[in-house]
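One-letter residues, chain by chain:
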Amino acid sequence: MTAVAPVATTPGGSTPAKRGGAAGRPSVAAWLVAVPFLAFVGIFLVYPTVLVLFGAFQDSNGALTLGNLTTLFTGVVFDAFVRSIELSALTAVIGAIFGALLTWAVAVGKQEGMVRRVVVAASGVLAQFGGVPLAFAFLATIGFEGLVTKYLRDNVGIDIFAGSAWLFELPGLTLVYTFFQIPLMVIVFLPALDGLRPQWREANASLGGTSWTYWRHVGGPILTPPFLGALLLLFANAFSAYATAAALVSQGSPIVPLQIRGFLTGEVVLGQENLGKALGLGMVIVVSIAMGVNVLLQRRVAKWVR
Amino acid sequence: MGSLVKQRVLRTIILLVLGVYFILPLIAMAEFSTRGKGGSRSLESWTGIVDDEGLMEALVNSLLLSVTSAVLMLVLLVPTMAWIRLRLPQLQRLVEFLCLLPLAIPAIVLVVGMAPLYAWVNYFLGDSPLTLTFAYTILVLPFAYRAVDAGLAAIDLKTLAEAARSLGASWFTVLWKVVVPNIRVALIGASLLSVALVLGEFTIASLLNFDTLQVQVNLLGKRNAGVSIAVSLLCLLFAFVLLFALSYVGQRRRQTVVEE
């Protein structure tokens, strides 16, 4: 291996040419290094994305149409979008509030303390990798034979499923989603709380301020933009989530990701082959709006902070 | 003093309440997976994990995938990102945009576009579950990009590279002997994150009909909830150990930076 080096480099010959490239425009050879990455991402990310976005505007014969998109605003598909947005907004608000409280409890503790380590690591697991295991965690807890269900039925005399199989419907999804929304809030919001300097609190106290004046005039205004940003991120996260809902709900498709599952697993009505792609486009649009508002918000803030 | 005491009490209450909220399902999983016949305790569900051939096969697939995806991610990302910082700053924005793009496109949407693509992949490369490596490398890009980017930003890449080049090192040597050792903590971080993500991935595997750990766990749940719950508990604990270890990796780097 090492024997190759002197032959391959030939420092005298190649260096001046390359240096010339670095000063002005990079040489063609310099661009070639980026080709494998760009080719890979082109094939496996850009191509599928384009396929979905353009497919949304085509009928089953490939002709241009707006039919798929107008279908988004009718019947079950539209209802699914409304439910998805409701579910995402509700769990984003719950997640943001309880997550912010938990973040505060972690942030006021020791920087390298055990509590912080455990909460942050556990939050990472639930926020990003929960998926299917989370659905089974709920079956074990409040499923028909779950620990809590059985306890309440045998010892307290309450049947939590007396009304309906709510765990497998929207209320159940809301409850399960808080289990990854609260942890995601911790991960996203912790850097903002860490950014509050203890000196500000001391300055407030030495000027005769109380806890209330501190949060009203210092902490609150500083944390509002990151809080709203995190809220939007949580919304996008819940809106995109699929695995937990798919493992929990096997019948019916109350939310958009499950509707898309229906299209992929073959419950397709003839002539609507591209409706799944239109649903995908709809999801991308909703997520992009949430992300776009977030970017604008943070840009605004960056202006005042300067 | 009064407000400090209040703060401590409030903190304890929050940690306790939310702690119970999050730990209860774990206890329930442990309880459920050790249920035997007629109210007794038994480890049948846990031994069932090893006995289930389909499950073990899927676990091997997932473990292999976590390695191949992490390797492909590193091979594609590290040279490109280092090169962009050194020689191709024009590409900086494009590569960042591409790497973060998967955050704006939910996996469930991506899989709609990948389904026709994978018809071709499986035609050329066979239908091994390992072909999922391509899809998973895309999924881990945003996380890996941030980790590698932070690693590269923390070192003086230009000076290091120029020093090595002036001593006659080839670009490959610069990458392998200078860049990689200097950002190894970031690379370990990126790899652990991608391992955790691949082991937990369900959406793409299940909709492209590949047999991975999560797909099997979900299927198994329909006939034997106990085993599925036992595996789910293991998955959560394993991911926790990975991320907990990661928190120490990050800490070591902070300390060395301070020392310098």
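Rules and cut-offs
Numbering of residues begins from 1 in every chain and follows the order in which that chain's sequence is written. Each chain gets a letter, beginning with A, and each ligand a number, beginning with 1, in the order they are written. In keeping with the predicted nature of the model, local features appear solely for residues at pLDDT of at least 70, side-chain atom pairs appear and are counted solely at 80 or more, and the whole-chain, interface and lining totals rest on all residues. Only DSSP runs of H or I covering at least 4 residues are called helices, and only runs of E covering at least 2 are called strands; the numbering of each starts at the N terminus. Three exposure classes are used, based on other C-beta atoms lying within 10 Å of a residue's own C-beta, which is placed from the backbone: buried for 20 or more, exposed for 12 or fewer, and partly exposed in between. This entry defines residue contacts through backbone-placed C-beta atoms, with two residues in contact when those atoms are within 7 Å. Asp, Glu, Lys and Arg are counted as charged, while Ala, Val, Leu, Ile, Met, Phe, Trp, Tyr, Cys and Pro are counted as nonpolar; the rest, among them Gly, fall into the polar class. UniProt positions are given in the numbering used here, feature names are shortened, and annotations may be inferred rather than shown by experiment. With axes taken as lines fitted to C-alpha atoms, and helix axes fitted only over the stretch in contact, angles between N-to-C directions fall between 0 and 180 degrees. Working rule for angles: under 35 degrees goes down as roughly parallel, over 145 as roughly antiparallel, 65 to 115 as roughly perpendicular, anything else as oblique. By convention, the crossing between two helices is left-handed when the near helix turns anticlockwise from the far helix through less than a right angle, and right-handed when the turn is clockwise.

1. Observations concerning the overall build of chain A
Helices and strands together make up the secondary structure of chain A, namely 15 helices and 0 strands. Across the 306 residues in chain A, those meeting the buried criterion constitute 39%. Contacts spanning at least 24 positions in sequence make up 74% of the contacts within chain A whose residues lie at least 6 apart.

2. Some details on the interface of chain B and chain A
On the chain A side, the residues contacting the 64 residues of chain B number 64 residues. The element that contributes the greatest number of residues to the side of chain B that touches chain A is helix α1 (residues 2-33) of chain B, accounting for 13 residues. Partitioned by chemical class, the residues of the side of chain B that touches chain A number 45 nonpolar, 16 polar and 3 charged.

3. Some words on unusual backbone geometry
For B:Asn209, which is not glycine, the phi torsion reads 60° and is therefore positive. Given 14 C-beta atoms within 10 Å, B:Asn209 falls into the partly exposed group.

4. Points about the UniProt feature "transmembrane region" (unreviewed entry) in chain B
Residues and elements named next belong to chain B. Summarizing the sequence annotation, UniProt attributes the feature "transmembrane region" (unreviewed entry) to residues 12-30, 63-86, 98-121, 133-155, 185-205 and 225-246 in the numbering used throughout. Spanning residues 12-30, this segment combines 100% helix with 0% strand, and its end C-alpha atoms are found 26 Å apart. For residues 133-155, the end-to-end C-alpha separation is 30 Å, with 91% helix and 0% strand making up the annotated structure.

5. Focus: the UniProt feature "transmembrane region" (unreviewed entry) in chain A
Per the UniProt record, the feature "transmembrane region" (unreviewed entry) sits at residues 28-56, 63-81, 87-107, 119-144, 174-193 and 278-297 of chain A. Spanning residues 174-193 of chain A, this segment combines 100% helix with 0% strand, and its end C-alpha atoms are found 27 Å apart.

6. As for the packing of helix α6 (residues 75-107) of chain A against helix α10 (residues 170-194) of chain A
The relative placement of two packed helices is expressed as an angle between their axes plus a distance between the axes. Residues and elements named next belong to chain A. Relative to each other, α6 and α10 sit at 45°, their axes nearing to 6 Å. Considering their axes alone, α6 and α10 lie oblique with respect to each other. Along this stretch, α6 crosses α10, giving a crossing that reads as right-handed. When its residues are assigned to classes, the contact of α6 with α10 shows 21 nonpolar, 7 polar and 2 charged.

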